[in-house]
Amino acid sequence: MKSEIKEAIKKLKKEKDAVILAHNYQIEDIQDIADFVGDSYDLSKKAASSQADVIVFCGVYFMAETASILSPQKIVILPEKTAGCPLADTIEAEDVREIRTRHPEAAVVCYVNSSAAVKAECDACCTSSNAVKVVNSLPHKEVIFVPDKNLANYVSLNTIKEIIPWKGCCNTHHRVTIEDLWKVRELYPDTPILVHPECRPEVVEEADFVGGTTAIMNFVKKSCHEKFIIGTEMGMLYPLQKQNPDKEFFLLSQKLICPNMKKISLEQVYHSLKNLEPQIKVPPGIAEKALKAVNKMLEVS
Ligand code: 13P
(Lines give C-alpha, C1' and ligand atoms only; values in the text may rest on other atoms or scores of the structure.)
Protein backbone atom coordinates (compact mmCIF):
# COMPACT_ATOMS: atom_id res chain seq x y z
CA MET A 1 0.00 0.00 0.00
CA LYS A 2 2.74 2.42 1.06
CA SER A 3 4.86 1.56 -1.97
CA GLU A 4 1.81 2.04 -4.23
CA ILE A 5 1.13 5.53 -2.93
CA LYS A 6 4.82 6.39 -3.20
CA GLU A 7 4.77 5.24 -6.83
CA ALA A 8 1.62 7.26 -7.50
CA ILE A 9 3.26 10.39 -6.01
CA LYS A 10 6.29 9.88 -8.23
CA LYS A 11 4.06 9.66 -11.32
CA LEU A 12 2.01 12.71 -10.38
CA LYS A 13 5.17 14.67 -9.66
CA LYS A 14 6.33 14.14 -13.24
CA GLU A 15 2.90 14.89 -14.68
CA LYS A 16 2.59 18.18 -12.79
CA ASP A 17 6.27 19.15 -13.06
CA ALA A 18 6.55 19.32 -9.28
CA VAL A 19 9.38 19.21 -6.77
CA ILE A 20 8.90 18.01 -3.19
CA LEU A 21 10.86 19.86 -0.51
CA ALA A 22 10.82 18.51 3.05
CA HIS A 23 12.17 19.81 6.33
CA ASN A 24 14.43 17.61 8.49
CA TYR A 25 11.60 17.34 11.07
CA GLN A 26 9.10 15.68 8.71
CA ILE A 27 8.01 12.06 9.23
CA GLU A 28 10.23 9.38 7.67
CA ASP A 29 7.89 8.52 4.77
CA ILE A 30 7.80 12.15 3.69
CA GLN A 31 11.58 12.51 3.89
CA ASP A 32 11.86 9.35 1.75
CA ILE A 33 9.71 10.69 -1.12
CA ALA A 34 11.18 14.23 -1.06
CA ASP A 35 13.51 15.48 -3.79
CA PHE A 36 15.34 17.46 -1.18
CA VAL A 37 15.44 17.32 2.64
CA GLY A 38 17.13 20.08 4.60
CA ASP A 39 17.04 23.02 7.00
CA SER A 40 15.04 26.23 6.59
CA TYR A 41 17.84 28.04 4.80
CA ASP A 42 18.66 25.32 2.27
CA LEU A 43 14.98 24.79 1.59
CA SER A 44 14.44 28.47 0.83
CA LYS A 45 17.43 28.42 -1.54
CA LYS A 46 16.00 25.34 -3.29
CA ALA A 47 12.62 27.05 -3.58
CA ALA A 48 14.28 30.07 -5.16
CA SER A 49 16.34 28.08 -7.67
CA SER A 50 13.93 25.30 -8.61
CA GLN A 51 12.87 25.12 -12.25
CA ALA A 52 9.70 23.14 -11.46
CA ASP A 53 6.23 24.67 -11.96
CA VAL A 54 4.96 23.36 -8.64
CA ILE A 55 6.64 23.28 -5.22
CA VAL A 56 5.12 20.89 -2.69
CA PHE A 57 6.39 22.14 0.64
CA CYS A 58 6.39 19.53 3.38
CA GLY A 59 7.02 21.72 6.39
CA VAL A 60 5.02 24.41 8.15
CA TYR A 61 3.09 27.45 6.93
CA PHE A 62 5.84 30.09 7.10
CA MET A 63 8.14 27.86 5.03
CA ALA A 64 5.59 27.59 2.20
CA GLU A 65 4.99 31.34 2.44
CA THR A 66 8.73 31.99 2.11
CA ALA A 67 8.83 29.74 -0.98
CA SER A 68 5.97 31.74 -2.48
CA ILE A 69 7.71 35.05 -1.66
CA LEU A 70 10.83 33.81 -3.47
CA SER A 71 8.98 32.27 -6.41
CA PRO A 72 5.71 34.15 -6.86
CA GLN A 73 5.19 32.73 -10.35
CA LYS A 74 5.16 29.13 -9.06
CA ILE A 75 2.35 27.13 -7.50
CA VAL A 76 3.34 26.50 -3.88
CA ILE A 77 1.44 23.80 -2.03
CA LEU A 78 1.38 23.05 1.69
CA PRO A 79 -0.32 19.62 1.87
CA GLU A 80 -1.78 20.40 5.32
CA LYS A 81 -2.86 24.02 5.63
CA THR A 82 -3.17 23.92 9.42
CA ALA A 83 0.52 23.00 9.85
CA GLY A 84 1.44 26.27 11.53
CA CYS A 85 4.20 27.52 13.79
CA PRO A 86 3.14 28.77 17.26
CA LEU A 87 6.43 30.72 17.47
CA ALA A 88 5.60 32.63 14.25
CA ASP A 89 2.14 33.35 15.69
CA THR A 90 3.60 35.24 18.70
CA ILE A 91 4.06 38.42 16.64
CA GLU A 92 2.08 40.44 14.10
CA ALA A 93 3.07 43.20 11.66
CA GLU A 94 1.51 45.82 13.95
CA ASP A 95 3.80 44.69 16.83
CA VAL A 96 6.87 45.28 14.65
CA ARG A 97 5.67 48.77 13.73
CA GLU A 98 5.07 49.53 17.41
CA ILE A 99 8.47 48.25 18.66
CA ARG A 100 10.18 50.28 15.91
CA THR A 101 8.66 53.49 17.27
CA ARG A 102 10.25 52.71 20.66
CA HIS A 103 13.71 52.06 19.12
CA PRO A 104 13.92 54.38 16.09
CA GLU A 105 17.69 53.85 15.67
CA ALA A 106 17.48 50.05 15.58
CA ALA A 107 17.28 47.68 12.64
CA VAL A 108 14.73 44.85 12.77
CA VAL A 109 15.77 41.30 11.96
CA CYS A 110 13.17 38.55 11.84
CA TYR A 111 13.75 34.85 12.18
CA VAL A 112 12.33 33.03 9.15
CA ASN A 113 9.81 31.51 11.59
CA SER A 114 7.52 34.53 11.12
CA SER A 115 4.61 35.43 8.84
CA ALA A 116 5.09 37.13 5.46
CA ALA A 117 3.36 40.23 6.90
CA VAL A 118 5.98 40.40 9.70
CA LYS A 119 8.83 39.87 7.23
CA ALA A 120 7.45 42.77 5.18
CA GLU A 121 8.07 45.08 8.17
CA CYS A 122 11.68 43.97 8.77
CA ASP A 123 15.07 45.01 7.39
CA ALA A 124 16.41 41.48 7.09
CA CYS A 125 15.34 37.91 7.61
CA CYS A 126 17.54 35.10 8.94
CA THR A 127 17.51 31.42 9.80
CA SER A 128 19.32 29.77 12.69
CA SER A 129 22.23 29.00 10.33
CA ASN A 130 22.95 32.64 9.51
CA ALA A 131 21.35 34.76 12.29
CA VAL A 132 24.70 36.02 13.66
CA LYS A 133 26.02 36.77 10.17
CA VAL A 134 22.88 38.69 9.18
CA VAL A 135 22.86 40.74 12.40
CA ASN A 136 26.57 41.55 12.07
CA SER A 137 26.14 42.59 8.43
CA LEU A 138 23.90 45.52 9.38
CA PRO A 139 25.40 48.95 10.10
CA HIS A 140 23.11 49.55 13.10
CA LYS A 141 24.38 49.33 16.69
CA GLU A 142 21.01 48.12 17.98
CA VAL A 143 19.03 45.27 16.47
CA ILE A 144 15.48 44.30 17.36
CA PHE A 145 15.33 40.53 16.96
CA VAL A 146 11.92 38.87 16.50
CA PRO A 147 10.16 36.62 17.37
CA ASP A 148 12.40 34.04 19.17
CA LYS A 149 13.88 35.26 22.47
CA ASN A 150 16.11 32.19 22.78
CA LEU A 151 17.68 32.62 19.35
CA ALA A 152 17.97 36.35 20.16
CA ASN A 153 19.92 35.41 23.29
CA TYR A 154 22.20 33.11 21.27
CA VAL A 155 22.85 35.93 18.77
CA SER A 156 23.59 38.39 21.60
CA LEU A 157 26.33 36.03 22.85
CA ASN A 158 27.98 36.16 19.44
CA THR A 159 27.83 39.84 18.51
CA ILE A 160 28.86 43.17 19.98
CA LYS A 161 25.57 44.74 18.89
CA GLU A 162 22.80 45.41 21.35
CA ILE A 163 20.03 42.87 20.75
CA ILE A 164 16.48 43.82 21.68
CA PRO A 165 14.47 40.58 21.79
CA TRP A 166 10.79 39.88 21.19
CA LYS A 167 9.15 37.56 23.73
CA GLY A 168 8.31 34.52 21.57
CA CYS A 169 9.80 31.05 21.76
CA CYS A 170 9.42 27.63 20.17
CA ASN A 171 7.22 25.55 22.50
CA THR A 172 9.00 22.38 21.47
CA HIS A 173 12.59 23.48 22.12
CA HIS A 174 11.68 25.63 25.13
CA ARG A 175 10.17 22.60 26.86
CA VAL A 176 13.66 21.14 27.41
CA THR A 177 14.96 22.23 30.80
CA ILE A 178 18.44 22.37 32.27
CA GLU A 179 17.40 19.53 34.61
CA ASP A 180 16.69 17.38 31.52
CA LEU A 181 20.20 18.12 30.28
CA TRP A 182 21.81 17.36 33.66
CA LYS A 183 20.03 14.02 33.88
CA VAL A 184 21.30 12.97 30.44
CA ARG A 185 24.78 14.31 31.21
CA GLU A 186 24.92 12.13 34.30
CA LEU A 187 23.92 9.02 32.36
CA TYR A 188 26.23 9.68 29.39
CA PRO A 189 29.05 11.93 30.67
CA ASP A 190 31.28 11.42 27.59
CA THR A 191 28.64 11.82 24.90
CA PRO A 192 28.43 15.26 23.25
CA ILE A 193 25.13 17.12 23.60
CA LEU A 194 24.16 19.06 20.45
CA VAL A 195 21.31 21.54 20.73
CA HIS A 196 19.37 23.94 18.53
CA PRO A 197 19.70 27.67 19.40
CA GLU A 198 15.91 27.76 19.96
CA CYS A 199 16.61 26.01 23.30
CA ARG A 200 16.63 27.93 26.60
CA PRO A 201 19.80 30.01 27.31
CA GLU A 202 20.91 27.76 30.20
CA VAL A 203 20.57 24.66 27.98
CA VAL A 204 22.53 26.37 25.19
CA GLU A 205 25.21 27.39 27.68
CA GLU A 206 25.82 23.85 28.92
CA ALA A 207 25.60 22.09 25.55
CA ASP A 208 28.74 20.95 23.72
CA PHE A 209 27.56 22.28 20.37
CA VAL A 210 24.86 24.76 19.33
CA GLY A 211 23.56 25.02 15.78
CA GLY A 212 20.67 24.68 13.36
CA THR A 213 19.79 21.31 11.87
CA THR A 214 22.37 21.46 9.04
CA ALA A 215 25.07 22.60 11.45
CA ILE A 216 24.23 19.63 13.72
CA MET A 217 24.45 17.32 10.71
CA ASN A 218 27.85 18.72 9.70
CA PHE A 219 29.17 18.49 13.26
CA VAL A 220 28.21 14.79 13.45
CA LYS A 221 29.75 13.99 10.06
CA LYS A 222 33.10 15.49 11.04
CA SER A 223 33.16 14.26 14.64
CA CYS A 224 35.12 11.20 15.73
CA HIS A 225 32.57 10.46 18.50
CA GLU A 226 30.33 7.46 17.97
CA LYS A 227 27.35 8.56 20.06
CA PHE A 228 25.48 11.87 20.20
CA ILE A 229 22.68 13.38 22.26
CA ILE A 230 20.42 15.44 20.01
CA GLY A 231 18.63 18.49 21.39
CA THR A 232 16.29 19.35 18.57
CA GLU A 233 12.99 18.05 17.17
CA MET A 234 12.94 14.23 17.04
CA GLY A 235 12.46 14.07 13.22
CA MET A 236 16.12 15.01 12.94
CA LEU A 237 17.17 11.57 14.21
CA TYR A 238 16.11 10.02 10.89
CA PRO A 239 18.39 11.98 8.50
CA LEU A 240 21.20 11.79 11.07
CA GLN A 241 20.95 7.99 11.21
CA LYS A 242 20.51 7.70 7.44
CA GLN A 243 23.64 9.73 6.72
CA ASN A 244 25.70 8.26 9.58
CA PRO A 245 24.78 4.56 9.77
CA ASP A 246 27.75 3.73 12.02
CA LYS A 247 26.91 6.32 14.67
CA GLU A 248 24.28 6.29 17.41
CA PHE A 249 21.81 9.02 18.32
CA PHE A 250 19.71 9.66 21.42
CA LEU A 251 17.12 12.36 21.95
CA LEU A 252 17.93 14.83 24.74
CA SER A 253 14.29 14.76 25.84
CA GLN A 254 11.17 12.89 24.73
CA LYS A 255 9.41 16.28 24.84
CA LEU A 256 11.16 17.25 21.60
CA ILE A 257 8.26 16.67 19.26
CA CYS A 258 6.59 19.35 17.13
CA PRO A 259 2.98 18.30 16.37
CA ASN A 260 2.77 20.67 13.40
CA MET A 261 5.76 19.07 11.69
CA LYS A 262 4.00 15.68 11.95
CA LYS A 263 0.77 16.70 10.24
CA ILE A 264 1.66 15.87 6.63
CA SER A 265 1.07 12.30 5.46
CA LEU A 266 1.77 10.49 2.18
CA GLU A 267 -1.97 10.53 1.43
CA GLN A 268 -2.07 14.30 1.82
CA VAL A 269 0.91 14.74 -0.49
CA TYR A 270 -0.82 12.54 -3.06
CA HIS A 271 -4.13 14.46 -2.89
CA SER A 272 -2.49 17.86 -2.85
CA LEU A 273 -0.45 17.00 -5.95
CA LYS A 274 -3.49 15.60 -7.72
CA ASN A 275 -5.68 18.63 -7.01
CA LEU A 276 -2.90 21.23 -6.74
CA GLU A 277 -4.17 22.47 -3.41
CA PRO A 278 -4.05 23.89 -0.78
CA GLN A 279 -2.02 26.63 -2.45
CA ILE A 280 -0.17 29.24 -0.42
CA LYS A 281 -0.04 32.64 -2.03
CA VAL A 282 1.26 35.82 -0.41
CA PRO A 283 -0.55 39.03 -1.52
CA PRO A 284 1.79 40.89 -3.97
CA GLY A 285 2.11 44.07 -1.85
CA ILE A 286 3.30 42.09 1.17
CA ALA A 287 5.36 39.63 -0.91
CA GLU A 288 7.39 42.42 -2.54
CA LYS A 289 8.28 43.99 0.81
CA ALA A 290 9.00 40.62 2.45
CA LEU A 291 11.22 39.65 -0.49
CA LYS A 292 13.59 42.51 0.34
CA ALA A 293 14.14 41.07 3.84
CA VAL A 294 14.58 37.53 2.52
CA ASN A 295 16.94 38.66 -0.24
CA LYS A 296 19.05 40.52 2.33
CA MET A 297 19.60 37.15 4.06
CA LEU A 298 20.46 35.39 0.80
CA GLU A 299 22.96 38.14 -0.10
CA VAL A 300 24.71 37.96 3.27
CA SER A 301 24.94 34.19 3.54
P1 13P B 1 16.51 24.83 11.02
O2 13P B 1 16.56 26.02 10.13
O3 13P B 1 17.71 24.68 11.89
O4 13P B 1 16.22 23.60 10.23
O5 13P B 1 15.32 25.03 12.07
C6 13P B 1 14.02 25.22 11.67
C7 13P B 1 13.08 25.31 12.79
O8 13P B 1 11.94 25.67 12.59
C9 13P B 1 13.54 24.98 14.13
O10 13P B 1 12.47 24.79 15.01
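Scroll up to find the structure.
Here, residues in each chain are numbered from 1, in the same order as that chain's written sequence. Two thresholds apply to this predicted model, a pLDDT of at least 70 for residue-level local features and 80 or more for giving and counting side-chain atom pairs, whereas whole-chain, interface and lining totals are computed over all residues. Only hydrogens and water are set aside when side-chain values are computed; all heavy atoms of the structure are taken into account.

Trainee: Explain the pairing of strand S8 (residues 162–165) here, please?
Mentor: In regular strands, side chains alternate between the two faces of the sheet. One requirement defines pairing of two strands: DSSP has to find at least two bridges between them. Strands here are runs of E lasting at least two residues and helices are runs of H or I lasting at least four, both read from the DSSP assignment and numbered beginning at the N terminus. Direction of pairing for strand S7 (residues 142–146) relative to S8: parallel, over a ladder of 4 bridges. Looking at S8, one finds that Glu142 is bridged to Glu162.

Trainee: Please clarify how unusual backbone geometry should be interpreted in this entry.
Mentor: For residues that are not glycine, phi is negative in most cases, and the peptide bond is trans in most cases. A cis amide bond links Val146 with the next residue in sequence, Pro147, at an omega value of -10 degrees. Along the chain, Pro147 turns up in the loop between S7 and helix H8 (149–156). A cis amide bond links Glu277 to the next residue, Pro278, at an omega of 0 degrees. Considering the arrangement of structural elements, one finds Pro278 in the loop between helix H14 (266–275) and helix H15 (284–300). If you check the backbone angles, Asp17 has positive phi at about 55 degrees while not being a glycine. Residue placement: Asp17 occurs in the loop between helix H1 (2–16) and strand S1 (18–23).

Trainee: Any chance you could explain a negative patch on the surface here in plain terms?
Mentor: There is a patch of like negative charges on the surface, built from Glu179, Glu202, Glu205 and Glu206. For the negative patch, the leading source of residues is helix H11 (residues 201–206), giving 3 residues. Mapped onto the secondary structure, Glu202 falls in helix H11. Two joining distances apply to patches: 9 Å for like charges and 5 Å for nonpolar side chains (Val, Leu, Ile, Met, Phe, Trp, Tyr), and every residue must have over 30% relative accessible area and no salt bridge. Accessible surface is estimated by sampling points in the Shrake-Rupley manner with a 1.4 Å probe; for residues, cover comes only from the protein chains shown. Salt bridges are defined as contacts in which a side-chain nitrogen from Lys or Arg sits within 4 Å of a carboxyl oxygen from Asp or Glu. His is not counted, nor are the chain ends, whereas Lys and Arg count as positive and Asp and Glu as negative. In plain terms, the charge of a residue is placed at NZ if it is Lys, CZ if Arg, CG if Asp and CD if Glu.

Trainee: How should I be thinking about the site of the ligand in this particular structure?
Mentor: The criterion for a residue being near a molecule or strand is simple. One of its heavy atoms has to lie within 4 Å of it. Every residue close to the ligand is listed here: His23, Tyr25, Asp39, Ser40, Asn113, Ser128, His173, His196, Glu198, Gly212 and Thr213. A 3.5 Å cut-off defines polar contacts: any pair of N or O atoms within that distance qualifies, except that in protein one atom must be a possible hydrogen donor and the other a possible acceptor, and neighbouring residues in sequence count only when both atoms are side-chain atoms. His23 is positioned with one of its side-chain polar atoms (N or O) 2.7 Å from an oxygen atom of the ligand. Placement of the ligand is best described as lying within the largest pocket. Taken together, the residues that form the shell around the ligand break down as 1 nonpolar, 8 polar and 2 charged. For each structure, a 1 Å grid was placed over the protein atoms alone; sets of points admitting a 1.4 Å probe that cannot get out are labelled cavities, open sets with protein on both sides within 12 Å along at least five of seven lines are labelled pockets, and lining residues have an atom within 4 Å of a point. Assignment to a cavity or pocket requires that more than half of a molecule's atoms be within 2 Å of the site's grid points. Classification used: nonpolar for Ala, Val, Leu, Ile, Met, Phe, Trp, Tyr, Cys and Pro, charged for Asp, Glu, Lys and Arg, polar for all others including Gly.

Trainee: Would you mind going over the environment of Glu299 with me for this structure?
Mentor: Examined against the element boundaries, Glu299 turns out to sit in helix H15. When accessible area is computed with a 1.4 Å probe and restricted to protein chains, residues below 20% of their type maximum are described as buried, those above 50% as exposed, and intermediate ones as partly exposed. With relative accessibility at 61%, the residue Glu299 sits in the exposed group.

Trainee: How should the side chain of Thr213 be read in this particular structure?
Mentor: Structurally, Thr213 is set in helix H12 (residues 213–222). Setting aside anything within four residues of it in sequence, one finds Thr213 in contact with His23, Asn24, Tyr25, Asp39, His196, Thr232 and Met236. Whether two residues are in contact is decided by their heavy atoms: any pair within 4.5 Å suffices.

Trainee: I tried to follow the layout of surface pockets on my own but got confused; where do I start?
Mentor: Gaps left between atoms show up when a probe the size of a water molecule is rolled over them. Grid points are joined across faces, edges and corners, and a volume is the space filled by probe spheres set on the points. There is about 370 Å³ of room inside the largest pocket. For the largest pocket, the lining is made up of 31 residues, of which Tyr25, Cys85, Asn113, Cys170 and Glu198 are closest to its centre. Elements that contribute at least two residues to the lining of the largest pocket include exactly helix H3 (40–49), helix H4 (61–70) and helix H9 (171–174). In terms of residues, the lining of the largest pocket owes the most to one element, H9, which gives 3 residues. In the lining of the largest pocket, the residues fall into 14 nonpolar, 13 polar and 4 charged. In this structure, the second largest pocket encloses a volume near 160 Å³. Asn24, Gln31, Val37, Gly38, Asp39, Asp42, Thr214, Met217, Lys221, Pro239, Lys242 and Gln243 together form the lining of the second largest pocket. Of all the secondary-structure elements, those providing two or more residues to the lining of the second largest pocket are strand S2 (36–38), H12 and helix H13 (237–243). Residue composition of the lining of the second largest pocket, grouped by class: 3 nonpolar, 5 polar and 4 charged.

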